[in-house]
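Understanding the architecture of this molecule
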Amino acid sequence: MSGLDDLTTDAVDKLAAGTPTDAAAGIYTQEMMESLGIFDEIKHKIVQSRNVKEAVLFVASGETETGFVYATDAPSTDQVDIVTAVDPALHSPIEYPIALTADGAENENAREALNYLTGPEAEEVFDSYGFLQPE
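Not measured: the values here are computed from a predicted model. (Residues numbered from 1 in each chain as written. Predicted model: local features only at pLDDT ≥ 70, side-chain atom pairs only at ≥ 80, totals over all residues. Heavy atoms only, no water.)

**Looking at the nonpolar core**
Ranked by internal contacts, the top residues of the largest apolar core, which has 13 residues, are Ala16, Val52, Tyr70 and Val80. Elements supplying a minimum of two residues to this core: helix H1 (24-36) and helix H3 (52-60). At 6 residues, the largest contribution of residues to this core is made by H3. With residues near it in sequence (within four places) discarded, Ala16 still touches Val47, Ala55, Phe58, Val59, Thr64, Thr66, Gly67 and Phe68. Core analysis: the second largest hydrophobic core is formed by 12 residues, Val12, Met32, Met33 and Phe39 among them. (Core = buried A, V, L, I, M, F, W, Y, C linked by side-chain atoms within 4.5 Å. Buried < 20%, exposed > 50% of the residue type's maximum accessible area, 1.4 Å probe, protein only. Helix = DSSP H or I, 4+ residues; strand = E, 2+ residues; numbered from the N terminus. Contact = heavy atoms within 4.5 Å.)

Take a look at the structure:
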């Protein structure tokens, strides 16, 4: 497979994607396919996974020719190559919010954890795993 155009051809018989009811990645994948106008044409090719790690395993084991996973999960095995990145404008934003609860705001350890996770040291760790920082 060389790109998204191959999804509608015989080059791809099966593709792994999260189940939209169980995996956020499945929601993003379906939104992307609908934005491209190809969902109805290729939905019969989708092998649904419970999560992204399972989708990676489907591709790595040869169960599917390709799959939709987060760029941060693809490097978990050397049996998977990233072929293309999906334009983020084709699906809802992928966000990982963090906040303190009312009780957490009163808890010094919780405040310190939040400060760490939003600070420069954690930013380096997130960057090393391919996570983008908020704008």
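**Here's the deal with the sheet that holds strand S2 (residues 46-49)**
Read from one edge of the open sheet, 3 strands run S2-S1-S3, paired in parallel fashion. Looking at strand neighbours, the two that pair on one side only are S2 and strand S3 (66-67), the edges of this open sheet. Note: strand S1 (residues 15-18) against S3, 2 bridges, orientation parallel. Following the sheet pairing, Ala16 is matched in S3 by Gly67. Across the face of the sheet, H3 comes into contact with S1, S2 and S3 while running at roughly 135° to S2. (Pairing = 2+ DSSP bridges. Axes fitted to C-alpha atoms, helices over the stretch in contact; angles between N-to-C directions.)

**Things to note about the pairing of S1**
Side-chain alternation along S1 places Leu15 and Ala17 on one buried face and Ala16 and Gly18 on a second face that is also buried. The pairing of S1 with S2 spans 4 bridges and is parallel. In the strand pairing of S2, Ala17 is matched with Gln48.

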